[in-house]
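# Inside the fold
For reference, the chains in residue letters:
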Amino acid sequence: MRDYLLFYVNGQEHRVGGQDVFSPLSTYLRYGQGCTGTKVVCAEGDCGACTVLIGRAAGGTVEYMPVNSCIQFLYQLDCTHVVTIEGLKVEGKLNPVQEAMVDFHGAQCGYCTPGIVVALCSLFDCKTQADEQDVKDALTGNLCRCTGYEPIIRAGMNVALERVRSTGELYPPQEMIARFGEHQGRPALIASEGKTCFIPATVEEAVDFKEKNPGTVIVSGGTDVCVNINKRGLDPDVIMSLSNIAGLSDVKVENSHLVVGGRASLAALADWAREEMPELYKIMWLFGSPQIRNAGTLAGNIANGSPIADTLPWLFVMEAVVEMTGPAGKRLIDINSLYKGYKQLDMAPGEIITRILIPLPENNETIRLFKVSKRQNLDISAFAAAIRMTIEAGKIHSAKLAYGGVGPVVLRLPKTEAFLEGKEAALTTFGNAGKLAREEITPISDVRGSKDFRLQLAENIMLKFFLETACGREPVCR
Amino acid sequence: MPVVGKNLPHDSARGHVSGESIYVDDMPPAKNELIVDFFYSPVAHGKIKKLDLSAARKVPGVVALFTHKDLDGENLFGPIIQDEVLLAEDAVHFIGQPIVVIAADNRAAIKKARRAIKIEIDELKPILTIDEAVAAKSFIGQTRAIRRGNIKEGFDGAEHVIEGTFINGGQQHFYLESQAAVAYPGEHDQLVVHSSTQNPTEVQEVIAHVLGLGQHQVVVITKRMGGGFGGKECQATHPAAMAALVAHKTKRPARISLSNDDDMTVTGGRHPFQNTYKVGFDRDGRITALSAHLYSDGGAFADLSPAVLGRAMCHIDNAYYLPNVEITGTVCRTNYPPNTAFRGFGGPQGVATIENIMEEIAAYLKKDAYDIRTLNCYGIDDRNITPYGQVFKNNYLPRLFRELAERCHYKKRLEEVKEFNAISRTHLKGISMSAIKFGISFNTKFLNQASALVNIYKDGTIQVSTGATEMGQGVNTNIRQLVADEFTVDPEDVIIMPTSTEKNNNTSATAASSATDLNGSAAVAACRKLRERLTECAAEYLASQMTDIEKSPGNIVFENGLIYDNRRPDKSVSFKDLVVIAYHRRVSLGERGFYATQGVDWNWETGSGTPFLYYTQGCSVAEVLIDRFTGDLRVKRVDLLMDIGRSINPGINRGQITGGFIQGMGWVTTEELKYSARGELLSHSPTTYKIPNIQDTPEIFNVDWIENDDNTLNIKGSKAVGEPPLMLGISVWTAVKHALSFVSNGKLPKLRIPATNEEILMRMTQYAKHPGAGDEQLKQPALLP
């Protein structure tokens, strides 16, 4: 069994064992390697100052994406190439993104700047041109307190594209890919000072380890677990990172189902949804930031089981099925019966989520997803909703409603659904449905919103659904 | 060619974009260095019964624990009123108040030690709202007043009177670099402290004061800050003093860098205000009288609160002439961290109060708020005296109002907004123009001074040290340009050095937007003295090289790095050569410059004076779109037009304007501080405290300024620009208020700052469900259970 991690930092090979394995990448870089260009501000993935690029082998090359290094622990980074702000100059000179940031005053105090430069470089890794919205979308995960962003947007739109060299060009991938190949198939077990980390290469190894070590905390994208470690005193003795299990990262359509692998990132789901399911894409665009979506997984969103998880209301009304793999084999469970209480899942100790199967909707169905948060982007919902209906000839044939942020778990609203079915699709119907919906939920007041606010949203969202979907018949909807 | 006026990059930009710029916590650890942090009060108010450090002392890696008893100097300080302790003694006054300083070999040990400290506190009832403070008469300092005219006659002559309450929430600075310092012990109890501070002198003074040292024993150095915004004007002192305490006591280097959560929990921010007002006006909307009482929430200690209140009171007039006026103000003492300086320094709360009144007068009279504002706008030749007696000279506001309204088609778009609101069932629009007239200079006269040290080296390169600190705002770049032009050299040959109390003593904070005004003027003063000596030297040298002219300093010209006698322009000497010549002739090539702003004064006894050297001005038009079902707010378009005199660096000025505006927009929209009924800040990280995101920038964002040459009072005709644009962000909030006026059943729309989606939705809901509602006054938001 391997007892070290292998990864690269700015082209240099690192083999790491012992306590360092349990460090956040940002700590390793700043205090271990003297790479102080990577800044840590929030230590919870909400500011982007610590953004680095993570490259993983894919189809004969290394694909890079921006992530928050404060919530990527080293055990998640086996067989990756980490590129930091220190690794982005070209032959010792500023690259075109950096030049544009200098010329357009994209930096003031400079503390967010390395993260912004890394995120912008990533945009130009995969795009040969970028409009204003592309620049904004690439930087949703990066807070800046000085510039008001406008100079950064202008910098992003004025990069000398013809001179951009991709990260893949800066760092020839062959040697790294070979080295990753030698390691990826071999599980790693690293123990140090009472802590153990296991990195399985197969589902079978993962299930076996989890069964034998019941307290194991599973880390996939780490966007939740790592925040809990940094901020909420979570201090797991046994960790299993799923980052090396092959074949679980796909998002594909099979037998009129959307099938999402247990390791598939939210970014991969968003990429699929962009063309195939724009309504889902709209929510995925609001979900966290590129850094969060690149790391976080749909399975993680399900396993974490937060009542304000952004994908859950959608999965509830789609009646998604979760595939669990355990010592006894595979089992399928309707997501509507998965949750037993606040973050309590019907899940056996040896089980892991391996796939999520989502039945594709019929053409005559209307699906609308809603997210309300204090700030539109990169914020956790105060309230979320999914509404799925079949309306024919002005009549509601079926109605499926799921609300988040209104109780300890995401809730379906059976009474309101029953009320709607068979009714005329009219403003008064939805007004009354909204009033009924208020009675089916038990929101609380917290830092994201008051109980009254959530009750009112629960009521209003029905009217919003009606008026927005009735667009075309109504005089003005925007 | 002069470089003043040129769009040079920020002097640190290349380091920033490559991650090579060094901040305090990026400094390589010294051998034997200790990590410093502190244990703070878990309750908002109480008496400490028992403090047991025995278990914490036993944590492996813990080297020392210090309490107030370990301070050899005085544990009492404060910039205005000395009422603040570094480490709590027998009582605690807010959650986050430091009690024990912890020094350890590593960060893990600090965490464990924090948990191992045992404290027993007899809890006392905290004061957590302004209402509670007023009821308990819990105040800081005295109630102040500014009066002018005859308030009774003003109201008697009014045709209409509105009374109301204005409420704004606080704001976290959210500088990205948390408070941080590293202290190095030296010989004879001397200390060198690197601090992320806007005010190295205050850090030096407080360290000396609490450690019982002379100020000459303490050197404080500030290379740069990762943002400040006022939050490091007074409150950088505490962590720096803790690091200094550890270094002083253990004789080991000591480093402190607060976590983001702790920083937000233990430091104060912008002051919440609760202001009552009564405004009288005629049928056209012209104000005849305004009386207002301002209450600010100062937190537990005075900090800068009295000065912040003073600036609020001096800015409640904003762009508008108030013939009869009575403004009073009181700072409330509550059980929150002391609130402090924050970009605008009370200005935003004063300005928002009157801009709120402008919207209300318009809604009351069913008129366009733009017309109400221009009607009340200060005049050029008359109606041009502020409530505190300063004549408002060089008034560009009427022009800015008019020009911006035309440029952005305000009237046409107002009609479009009305049409939209009449039709749309899903959304609501609002449009509003607000203004800023911001007084430049410290209200406190003696702070308006600065010094600079300029050293020319033998290769002709120049180092400049001033009291200004660089926090991203570009003061160093501005000064670099000013100095380069004095000698007509390449700005690359000029470096602005880290701010150090060793180079510049008794400096004022980098604050009040005036760092370039004060320190740039001091640097230029030093350059002028050097240039005089170099001129003398050049005259002598050039005359010695030519037989046809006599030495004549009056004929010497500096141009493009060359120095010549204008009678023989063909014979020149380069600046570099001249410097060597001067050196060989034993001419001093170092100089200190000093600057004190002339003509400013202020008297609190009379509430009058001429506190400001000049006013920076501007206008903003914001258009917003509100979702009627969720209260979600989008800023569709913003147009800004400012008067910033002559720009020293347009790129830097533009960045201050866009950055200030968005920060102001954040204050009035999404930045909401949530507290529990225990007085605990719940929104202490970016997960729950929402500063604007890049997606929140206005879809259309036009930024421009007029150029004028009339600000001859200030360096190169420039105007300070750091704070004023923040208050233009208020236009977003007044636009929301305008939008609400379409659904408020004819009542005046009430709205608190911040206008979160919840605040907006709950107002709309109230109007929809209770058509008679809307007259009751605003109340503070509820504390969470």
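Residues numbered from 1 in each chain as written. Chains lettered and ligands numbered in written order. Predicted model: local features only at pLDDT ≥ 70, side-chain atom pairs only at ≥ 80, totals over all residues. Heavy atoms only, no water.

## What about unusual backbone geometry?
Quick note on the threshold: Each helix is a run of H or I in the DSSP string that is no shorter than four residues. Each strand is a run of E no shorter than two, and both are numbered from the N terminus.
Along the chain, Ile753 of chain B connects to Pro754 of chain B via a cis peptide bond; the corresponding omega equals 5°. Position of Pro754 of chain B among the secondary structure elements: in the loop between α19 (730-740) and α20 (757-769). Residues other than glycine seldom take positive phi values, yet Lys343 of chain A does so here, at roughly 55°. Considering the arrangement of structural elements, one finds Lys343 of chain A in the loop between β14 (339-341) and β15 (344-345). Positioned with a positive phi, Ala393 of chain A is a non-glycine residue whose angle comes to about 50°. Residue position: Ala393 of chain A is located in the loop between β18 (383-392) and β19 (395-404).

## Observations regarding the domain arrangement of chain A
All names here are of chain A. The condition is simple: Throughout the structure description, domain borders are defined by an automatic or database domain assignment. We define a salt bridge as a contact between a side-chain nitrogen of Lys or Arg and a carboxyl oxygen of Asp or Glu at a distance within 4 Å. The term polar contact refers here to a pair of N or O atoms within 3.5 Å; inside protein, the definition further demands a hydrogen-donor-capable atom paired with an acceptor-capable atom, and it admits residues adjacent in sequence only when both atoms are side-chain atoms.
By domain assignment, chain A separates into domain 1 (5-87 + 170-241), domain 2 (91-164), domain 3 (251-359) and domain 4 (365-473). Computed from C-alpha atoms alone, the centre-to-centre distance between domain 1 and domain 3 is 22 Å. Across the domain 1-domain 3 interface, the total number found is zero salt bridges. Where domain 1 meets domain 3, there are six residue pairs in polar contact (both at pLDDT 80 or more).

## Overview of the pattern of salt bridges
Across all of its chains, the model carries 85 salt bridges over all chains by this definition. Lys136 of chain A serves as the salt-bridge partner of Glu132 of chain A, at 3.5 Å between the closest nitrogen and oxygen. In this pair, Glu132 of chain A and Lys136 of chain A are both assigned in helix α4 (residues 132-138), four residues apart and thus about one turn of the helix distant. Via salt bridges that share partners, Arg30 and Lys39 of chain A together with Asp25, Asp26, Glu33 and Arg255 of chain B belong to a single interconnected network.

## Quick look at helix α13 (residues 410-423) of chain B
All names here are of chain B. Worth spelling out the cut-off: Here, expected helix span is obtained from the residue count minus one, scaled by 1.5 Å. To sort residues, take the accessible area from a 1.4 Å probe on protein chains only and compare it with the maximum for the residue type: under 20% means buried, over 50% means exposed, and anything in between is partly exposed. It is the directions from the helix axis to the C-beta atoms whose arc is reported.
The terminal C-alpha atoms of α13 lie 20 Å apart, and with 14 residues this matches the ideal 20 Å at 1.5 Å per residue to within 8%. Listed as buried for α13 are Tyr410, Arg413, Leu414, Val417, Phe420 and Asn421. For α13, the buried positions fall inside an angular range of 120° around the axis, keeping them on one side. Those residues of α13 that are exposed and angled more than 90 degrees off the buried face are Lys412, Glu419 and Ala422.

## Details of the sheet that holds strand β8 (residues 160-168) of chain B
All names here are of chain B. The condition is simple: Think of it this way: DSSP has to see at least two bridges between two strands before they count as a pair. Every axis in this analysis is a line fitted to C-alpha atoms, fitted for helices over the stretch in contact. Angles between the N-to-C directions lie between 0 and 180 degrees.
With mixed pairing, the five strands of this open sheet are ordered in space as β7-β15-β14-β13-β8. In the strand order of this sheet, the two ends are held by β7 (139-148) and β8, each with one partner. Between one strand axis and the next, the sheet turns through 10° on average, direction left out of account. Alignment of strand β13 (residues 273-281) against strand β14 (residues 287-299), held across nine bridges, turns out to be antiparallel.

## With respect to the packing of aromatic side chains
Counted only if it meets this: Each Phe, Tyr or Trp ring, with Trp reduced to its six-membered ring, pairs with another whose centre is within 6.5 Å; inter-plane angles below 30 degrees give stacked pairs, above 60 give edge-to-face pairs, and intermediate values give tilted ones.
Applying the stated criterion to the full structure yields 27 aromatic pairs over all chains. Arranged with centres 5.7 Å apart and planes meeting at 75°, the rings of Phe7 of chain A and Tyr28 of chain A form a pair that is edge-to-face. One end of the pair, Phe7 of chain A, is in strand β1 (residues 5-9); the other, Tyr28 of chain A, is in helix α1 (residues 25-32), with 21 residues separating them in the sequence. An identical accessibility class is assigned to Phe7 of chain A and Tyr28 of chain A; each is buried. Ring geometry for Tyr321 of chain B against Tyr378 of chain B: centres 6.1 Å apart, planes inclined by 70°, an arrangement best described as edge-to-face. Of this pair, Tyr321 of chain B sits in the loop between α9 (305-313) and β15 (325-333) while Tyr378 of chain B sits in the loop between α11 (369-376) and α12 (397-407), and the two are 57 residues apart along the sequence.

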